[in-house]
Amino acid sequence: FCWLVMKQQRLRRVLEWYVSSQQNWTFSPGVLGRGLQDHLPKEMWQALVETFVRFDVDEMWQALFNTIDLFRDVSKRVTDSLSLHYPQTVDDEVTAYLKQIQRMPNKEVSS
């Protein structure tokens, strides 16, 4: 659930900021980012599409890391455009932690 909130609220917001930063902060994305597809670079839109998957554990992990990669890329572009610092150390630590969890043995729930 937390991952879904992150993607639907935080990632969408940073994508909206990116588009707006490219348009002198005049972009209005519409309800729930409906105007994003028309304004994002095609490769960025494709990266967003790749954050959605079926119900498969391996695909979910890949989608999570795709989401993180896209968020990182867009966040760095936005922070650069605003002359702000991107917290790379925090990013690295969180990513390493998630990869450590991913490597943990799966324990199936028995019914």
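Residues numbered from 1 in each chain as written. Predicted model: local features only at pLDDT ≥ 70, side-chain atom pairs only at ≥ 80, totals over all residues. Heavy atoms only, no water.

Trainee: In this structure, what is going on with the confidence of the model for the protein chain? I would like to understand it.
Mentor: The predicted coordinates ought not to be read in detail in places where the model reports low pLDDT. Per-residue confidence for the protein chain gives a mean pLDDT of 86; residues scoring 70 or more make up 90%. Across the protein chain, the element-wise mean pLDDT spans from 82 in helix H1 (residues 2–22) up to 96 in helix H5 (residues 88–103). (pLDDT = per-residue confidence, 0-100. Helix = DSSP H or I, 4+ residues; strand = E, 2+ residues; numbered from the N terminus.)

Trainee: When you look at the pattern of salt bridges in this model, what are you seeing that I'm missing?
Mentor: For side chains of opposite charge, pairing can occur when their charged atoms come near one another. With the rule as written, the count across this model stands at four salt bridges. Put simply, arginine 12 and glutamate 16 hold a salt bridge, and the shortest N to O gap is 3.2 Å. Taken as a pair, arginine 12 and glutamate 16 lie in helix H1 at a separation of four residues, close to a single helical turn. Relative accessible area serves as the criterion here: at 23%, arginine 12 is assigned to the partly exposed category. Residue class for glutamate 16 comes out buried when judged on its relative accessible area of 15%. Residues aspartate 69 and arginine 72 are paired through a salt bridge, measuring 2.8 Å at the closest nitrogen-oxygen approach. With aspartate 69 and arginine 72 both in helix H4 (residues 57–81) and three residues apart, the pair spans about one turn of that helix. (Salt bridge = Lys/Arg side-chain N within 4 Å of Asp/Glu carboxyl O. Buried < 20%, exposed > 50% of the residue type's maximum accessible area, 1.4 Å probe, protein only.)

Trainee: Hey, could you run me through the side chain of arginine 72 in this one?
Mentor: Judged by its relative accessible area of 16%, arginine 72 is buried. One polar contact links arginine 72 to aspartate 69, side chain to side chain, over a distance of 2.8 Å. Those residues in contact with arginine 72 that lie beyond four places of it in its chain are Tyr86, Gln88, Asp91 and Thr95. (Polar contact = N/O pair within 3.5 Å; in protein donor to acceptor, adjacent residues only side chain to side chain. Contact = heavy atoms within 4.5 Å.)

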